[in-house]
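Secondary and tertiary structure notes
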Amino acid sequence: MPRVLMLHDESPRCRVVDLPLADLPHRAISVDIDYSDLNYKDALAVTGKGKIVRDYPFVPGIDFVGTVRESHHEQYASGDRVILTGWGVGERYWGGYAEAMNVDPEWLVPCPSPLNSRKAMLLGTAGLTAMLCMMRLEEAGLPPGAAVLVTGATGGVGSWAVSILHHLDYEVHAVTGKPEQREWLESLGAREVLDRSEFEGEPLPLEKGRWVGAIDTVGGRTLANVLARMTYHGRVAAVGLAGGTDLPTTVMPFILRGVSLLGTDSVMIPFERRRAAWQRLSALPNGLFERMAVDEIGLEQIEQRAEDMLAGKVHGRVLINPKK
Ligand SMILES: NC(=O)c1ccc[n+]([C@@H]2O[C@H](COP(=O)([O-])OP(=O)(O)OC[C@H]3O[C@@H](n4cnc5c(N)ncnc54)[C@H](OP(=O)(O)O)[C@@H]3O)[C@@H](O)[C@H]2O)c1
């Protein structure tokens, strides 16, 4: 019987239980899960602080990596290593906080062979999303070596964005509310570390243009301030809402500086783009994985770590080993 983290809409909200295999959802592919991880959306789901989960009881976890145990679909065979991210898994469909789960074949991508399971989930949705942001900036003409700003830099998406941008020889400027993580951000490749407070003031329509590109995981006033500080024809990949869902800006950055705001989504992106992004991620050198800050926990620790994440006490990646 696989152990799962089951969410209930009554106290206690989180319970780790043994579930008979027959009680898992009836879907074509059965996966034995090696690792899942903790993302901002997971933290909202687990704590109930965001309206992510509507039907209870529910197994959260928006992503996982594992091995196919049984397949009733021609696309996958027993023994295949697979990654799942997005598609509403961990929101509408039971997810990865479990030793095993049954899923639809369309939700999976083959795990590229250079990535072992641990590396695949060190990346997880966060690494995939950072790479998708990178691809959006490249497609919008980001010049080689350009100065690029990353907000929420110590978070999962943010820290992978810093690492990937540095690896690709961009000049990385990192914005963080955790000054104690300055040295770590510099070790990931940040040339400059800026304090979050510099981006939290009342945004002006335009300020001195400093950055040619940006990856924003924060939204709200921070994104408005980022837009006002982009150079002519700058481009901003907007991906997150850790600082709010509003956008108190004006049209000035767009009509006077030709700034592009590039929405970036990882949940519903088509298979081929997912696979292309995972291929690029699988080619990242080992050093990037070694420098990532990792906290490996079991199912029992998820609830506390989710609270910590929303309280801003987590940096880097939280890896979940369901067998721990
Ligand atoms: N569109 C998509 O498909 C997609 C995919 C993945 C993630 N996301 C979104 O991207 C964001 C980051 O996700 P994640 O999993 O990387 O989360 P995370 O690990 O919790 O990182 C979020 C980071 O944002 C900063 N932050 C937190 N609260 C803030 C606040 N009130 N004001 C300003 N900055 C704040 C913190 O970094 P510092 O302390 O360094 O400032 C924090 O580490 C979330 O909003 C998530 O929903 C979207």
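Keep in mind that this is a model prediction, so the values were computed, not measured.

Let us now look at unusual backbone geometry. Of note, the bond from Ser-11 into Pro-12 is cis; its omega dihedral lies within 30 degrees of zero at -5°. Residue placement: Pro-12 occurs in the loop between strand 1 (3-7) and strand 2 (14-18). Cis rather than trans, the peptide bond between Tyr-56 and Pro-57 has omega equal to -10°. Mapped onto the secondary structure, Pro-57 falls in the loop between helix 1 (40-47) and strand 4 (63-71). One non-glycine residue with positive phi stands out, namely Asp-169, at about 70°.

Next up on the list: the site of the ligand. The immediate surroundings of the ligand are formed by 26 residues, with Thr-154, Val-157, Thr-176, Leu-241 and Ser-266 found nearest. Gly-177 is positioned such that a nitrogen or oxygen atom in its backbone is 2.9 Å from an oxygen atom of the ligand. For the shell around the ligand, the secondary-structure elements that each account for two or more residues are helix 2 (117-139) and helix 3 (156-167). Across the shell around the ligand, the residue classes break down as nine nonpolar, 14 polar and three charged.

An ideal rise of 1.5 Å per residue puts 16 Å on 12 residues; helix 7 (residues 271-282) measures up with 16 Å between its terminal C-alpha atoms. Every buried residue belonging to helix 7 is among Arg-274, Ala-277, Trp-278, Leu-281 and Ser-282, and all of these are buried. The buried residues of helix 7 all sit within an arc of 135° when viewed along its axis, so they share a single face.

Hydrogen bonds along the backbone pair up the strands of a sheet, which may run parallel or antiparallel. The six strands are arranged 10-9-8-11-12-13 in an open sheet whose pairing can be described as parallel. Two strands in the sheet have a free side with no partner beyond their single neighbour: strand 10 (190-195) and strand 13 (260-263). Each neighbouring strand pair of the sheet contributes to a mean axis angle of 20°, computed without reference to strand direction. Of the pairings in the sheet, the one linking strand 11 (residues 211-216) to strand 12 (residues 230-238) comprises five bridges and is parallel in character. Each residue of the ladder has a partner; that of Trp-211, found in strand 12, is Met-230. Packing against the sheet, helix 3 makes contact with strand 8 (147-150), strand 9 (171-176), strand 10 and strand 11, and its axis sits at approximately 165° to strand 8. Strands in contact with helix 5 (residues 220-228) are strand 8, strand 11, strand 12 and strand 13; relative to strand 12, the strand with the most contacts, it is inclined by about 150°.

Rules used throughout
- Residues numbered from 1 in each chain as written.
- Predicted model: local features only at pLDDT ≥ 70, side-chain atom pairs only at ≥ 80, totals over all residues.
- Heavy atoms only, no water.
- Helix = DSSP H or I, 4+ residues; strand = E, 2+ residues; numbered from the N terminus.
- Near = heavy atom within 4 Å.
- Polar contact = N/O pair within 3.5 Å; in protein donor to acceptor, adjacent residues only side chain to side chain.
- Nonpolar A, V, L, I, M, F, W, Y, C, P; charged D, E, K, R; others polar.
- Expected span 1.5 Å × (residues − 1).
- Buried < 20%, exposed > 50% of the residue type's maximum accessible area, 1.4 Å probe, protein only.
- Arc of directions from axis to C-beta.
- Pairing = 2+ DSSP bridges.
- Axes fitted to C-alpha atoms, helices over the stretch in contact; angles between N-to-C directions.
- Contact = heavy atoms within 4.5 Å.

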